[in-house]
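Letter by letter, the chains look like this.
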Amino acid sequence: MSRLKRTRRIVLLVAVLVVMAVVGVGVLAIGVVRQSFPETSGQLEIEGLTSSVSVHRDAQGVPTIYADTASDLFRAQGFVSAQDRFFEMDLRRHITAGRLSELVGSAGIDKDKVIRTMGWRRVAEQELPKLAPETRQYLQAYADGVNAYIKQADTPEKMSLEYTVLARRNPGYRVEPWTPVDSLAWLKAMAWDLRGDFNDELARARLSRTTRSIKQINLLYPPYPVDRNQPILSEQDWQPESATDQAASAEPAALEAMRSPDGTAAIDSALASVDAVPSSLGRGDGIGSNAWVVSGSRTTTGKPLLANDPHLALSIPGIWGQVNLQCRTLRADCPFQVSGFAFSGLPGVVIGHNGKIAWGMTNLGPDVTDFYLEQVSGDSYLRDGLNARMVKREEVIKVAGGPDVPLTVRSTVHGPILSDVVPAIDAAGDRSVVRGAPQSNRYAVSLAWTALTPGTTGDAVFALNRAANWSDFRKAAALFSVPSQNLVYADTAGHIGYQAPGKIPVRRSATPGAPPGFWPSPGWDPQWDWKGYVPYDDLPNAFDPAEGFLVTANQAVTASPTPFLTSEWDYGFRAERIRTLLAAAPKVSPETMSQIQGDTRNTYAPGLVERLLAVQVDDFTAQAQRLLRDWDGNQPNDKTRDSASAAYYNAVWKHLLEFTFDELPPDIAADGGSRWMVVMEQLLKDPKNDWWDDKTTPGVTEGSGEILKQALVEARLDLARELGKVPATWRWGRLHSLDLTHQVMGADGVPEVIQNLFNRDDIELGGGNSIVNANSWNASKPGYDVTNGPSMRMVVDLGNLDASRWVNSTGQSGHAYDDHYSDQIDAWAANETFAWPFSPAAVREATDDELTLVAPSPASAP
């Protein structure tokens, strides 16, 4: 940040602080803001170290940590992570433990109730003793480092500005010691946001009660278009060795029950519970990623190149931290020299490279959840013709500034009852009649989810960090229980590969012709229970494919229906664009990899534009319609004609979805992602399909022509109001901007003066839905604001690791007004990257600050 900009920010801060003091918020001086900033030079004493640790920070504040033992390395990582982002860590552990209300008050109650019901922390507690001894050692060392920071900081106000603000509502708040379970529980939040086929399963159940037929509902969930958008692995790359039992049922199973009044109430309440869970990584169609790897035979370096940019919710501070963890000498008790992106609160590196291999991730989105409609009577539920007793436990939610809230959690053999969480769900009476079930029964909805059983993802993180070859990598991937990710691989020996890991349940479909997990299942019939998990060796993988590259962008993994992974893929427009750009390059350079990450071409748009240009409109609308002529779908953020065309096209797209799917409930309306593109493509082939008809116009049956014209006209009027009457002056970035908000301090209801301390607003961006530069927006919501996007970008050069490049979406620090709180935003928005030093010489050259951590001297020991 320039000195001028920093001075302006400080002046603004002083003004804001004065106002805050007047209204009694209690922040009195700039010193309050700066007291939590980390010490990044000199020497600090840390209990438990066996030898000195060096922490080098570069111009972006990214730490490289040098230690002699693994325990010292992770103890130092815990300390440094807490220096940079302790409030974020504390917030995350309160969320995952269902204790958010203790930190933020009554606003957290519903969130806590749902997470306590699922028992995220309870599962993490069960997981810890099952992990490898060295994993538990690393987790404890990390916790010890965090606790050393807590002890030195002494009071919450010295840890982060957020505590000073919250103290008005929550006086006397004390920070608890960090534990290994706090780290493990974060993996549950990660798994929750990256699960597949969850909301759509409940959405289909809700739609089934309407006058729309099952056939019409199925039109909204088309199959993956394998004929136009290639899966990750071709038939040449992967042939399944065995087929799993995925037979369809012979009857509609729970469909009749879902349409009953009690079933309806249970489904609605379960969906409300799902929506109450706070989003940590993001949710919706924009949650995904790009990752691809190119063999050395196709690169300018002669060695593989690997790129990754996970598309997650964009907030400030960003989801990721950056770190370089270096054992000074590699040996059995210190096997780590690894660098990349990490989660604050979790030791190790999640995505990155070591000295031998690199790896990236995109969301596989497997169907690892099922909802079961349970027939209940009191605390009993019907199970295979007999009444079974639910398992019950009592919880107490403590609320800052309010009374305790009791919670009763009930579970069936399938999992916790989610439809108990929201009080309104209990309003339905004993009215429904279900084939083969006693008439006195009511319904509830339970959740089966792979993350609710203890797993070994904690082991997988460290195994990936120290893997040296493809065999090590696959063994590490086998430990990756949840969330299941597409893993891409490259190594310095010249190999590339792909592996799909995770616990994927084997089950049958609850509806004829539908894939497993498509609809909620009847919990009273054991034939729809899970039958185990897909064996790891049956999960798709590839090593050194003949094509010379592998592209993963959340598209279908293979064209084969076995093993069944999910029916809810991204529909492959991003992936196909990346494949096209790679295939067009005679040799792929690191710069080419980065340029592809910033590509803003909408490859779906030209097909729809052809139909839009054929519609006859009035002269005023035609002024905008002409922008679509000769437009190739590029959606940049600049002052070019392409940007004006992109603005109009996206406005038309928004209204086209609104007018076509006007009968959908607002919370499951068309968001404009890749699925809706394929849906619209199919509907345009059927101009009299019932979805085109506007049910609010009795006696008139609309077809596609009328709806296309309405969309063109309304978009022209909207943009005239929003951007001016002259279409040539429109710019996509003025509509399509990003507001980076703090998860607590930037939320609705927080005074604006406080929001301004933490938020960074009005970042104009190009790209959009199903575009490689995936700055997504939700077409069912007002405006065009960016909701999700590349949370980071990296390009790893396996021929010269020091030539690798990376960028974070915000900055390394979680402290508002620290120099590194937002210093990467401009580069990230422009698709620019920073040097990524790895070797000791490169780190030394890049070092701006150096901090030495040592064990307390005998004189200073307590």
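All residue numbers refer to position in the chain's written sequence, counted from 1. Two thresholds apply to this predicted model, a pLDDT of at least 70 for residue-level local features and 80 or more for giving and counting side-chain atom pairs, whereas whole-chain, interface and lining totals are computed over all residues. Based on all heavy atoms of the structure, the side-chain values leave hydrogens and waters out of the count.

Caption draft 1: Quick look at the overall build of the chain. Each helix is a run of DSSP H or I of at least 4 residues and each strand a run of E of at least 2, with the numbering of both proceeding from the N terminus. Helix and strand counts for the chain come out as 26 helices and 28 strands. Over its C-alpha atoms the chain spans a radius of gyration of 27 Å, differing by no more than 12% from the 29 Å that the globule rule assigns to 862 residues. If you line up the chain on its principal axes, its C-alpha atoms span 90 × 65 × 65 Å. Burial here depends on accessible area, computed with a 1.4 Å probe over protein chains only, as a share of the maximum for the residue type. Under 20% is buried, over 50% is exposed, and the range in between is partly exposed. Counting only residues that meet the buried cut, the chain has 63% of its 862 residues in that class. We call two residues in contact when some of their heavy atoms are within 4.5 Å. Put simply, of all contacts in the chain between residues at least 6 apart along the chain, 74% involve residues at least 24 apart. Note on areas: these come from Shrake-Rupley sampling with a 1.4 Å probe, and a residue is covered only by the protein chains present in the view. Here the chain has roughly 30800 Å² of accessible surface; of this, 51% comes from carbon and sulfur atoms. Positive charges come from Lys and Arg alone, negative charges from Asp and Glu alone, with His and the N- and C-terminal ends not counted. The atom standing in for a charge is NZ when the residue is Lys, CZ when it is Arg, CG when it is Asp and CD when it is Glu. Averaged over its 81 positive side-chain charges, the chain has a centre that lies 1 Å from the centre of its 103 negative ones. We compute the radius of gyration over the C-alpha atoms and compare it with the globule rule, which gives 2.2 Å times the number of residues raised to the power 0.38.

Caption draft 2: Quick peek at the state of the cysteines. Our working definition of a disulfide is a cysteine sulfur pair at a distance within 2.5 Å. Tallying each qualifying case throughout the model produces one disulfide. A sulfur-sulfur distance of 2.0 Å marks the disulfide that ties cysteine 327 to cysteine 334. Given an S-S torsion of about -90°, the disulfide between cysteine 327 and cysteine 334 has left-handed geometry. For cysteine 327, a relative accessible area of 1% translates into the label buried.

Caption draft 3: Region of the structure containing helix H3 (residues 70–96). Over its 27 residues, H3 runs only 27 Å from end to end, short of the ideal 39 Å by more than 12%, given 1.5 Å per residue. Buried residues dominate H3, accounting for 27 of its 27 residues. Expected span, for any helix, means 1.5 Å times one less than how many residues it has.

Caption draft 4: Representation of the nonpolar core in the model. For our purposes a nonpolar core is just a set of buried Ala, Val, Leu, Ile, Met, Phe, Trp, Tyr and Cys residues, chained together by side-chain atoms within 4.5 Å. By size, the foremost hydrophobic cluster in this structure holds 234 residues, and its most contacted members are Phe86, Trp653 and Phe661. Ranked by size, the runner-up nonpolar core spans 16 residues in total, among them Ala307, Phe549, Val588 and Val772.

Caption draft 5: Spotlight on the sheet that holds strand S16 (residues 485–491). Strand pairing is defined by DSSP finding a minimum of two bridges between the two strands. Ordered in space as S1-S28-S2-S3-S6-S7-S8-S9-S16-S17-S19, the eleven strands form an open sheet in which the pairing is mixed. Each of the sheet's edge strands pairs with one partner strand only, and the pair in question is strand S1 (42–45) and strand S19 (541–543). When the angles between neighbouring strand axes are averaged without regard to direction, this sheet yields 15°. Of the pairings in the sheet, the one linking strand S17 (residues 496–499) to S19 comprises three bridges and is antiparallel in character. Of the residues in S19, the one forming a bridge with glycine 497 is phenylalanine 543. Here an axis means a line fitted to C-alpha atoms, over the contact stretch when the element is a helix, while the angle between two N-to-C directions is reported on a 0 to 180 degree scale.

Caption draft 6: Seen up close, the packing of helix H20 (residues 641–660) against helix H22 (residues 704–723). Where H20 contacts H22, the two axes come as close as 8 Å, and the packing angle between them is 130°. It follows from the interaxial angle that H20 and H22 lie oblique. Crossing hand, H20 versus H22: right-handed. For the pair H20 and H22, contact is made by Ala647, Tyr648, Ala651, Val652, His655, Leu656, Phe659 and Thr660 and by Ile707, Leu708, Gln710, Ala711, Leu712, Glu714, Ala715, Arg716, Asp718, Leu719 and Leu723, respectively. Here the nonpolar group is Ala, Val, Leu, Ile, Met, Phe, Trp, Tyr, Cys and Pro; Asp, Glu, Lys and Arg are the charged ones; every other residue, Gly included, is treated as polar. Of the residues contributing to the contact of H20 with H22, the split by class is 13 nonpolar, three polar and three charged. Note on angle classes: values under 35 degrees are labelled roughly parallel, values over 145 roughly antiparallel, values of 65 to 115 roughly perpendicular, and the remainder oblique. For any helix crossing, the convention is left-handed if the near helix is rotated counterclockwise from the far helix by under a right angle, and right-handed if that rotation is clockwise.

Caption draft 7: Inspection of the environment of glutamate 663 at higher detail. Along the chain, the position of glutamate 663 falls in the loop between H20 and helix H21 (674–684). Of the residues examined, glutamate 663 reaches a relative accessible area of 33% and is grouped as partly exposed. Sequence separation between glutamate 663 and alanine 153 is 510 residues; the distance between their C-alpha atoms is 55 Å.

These values are about where atoms sit, not about what they do.
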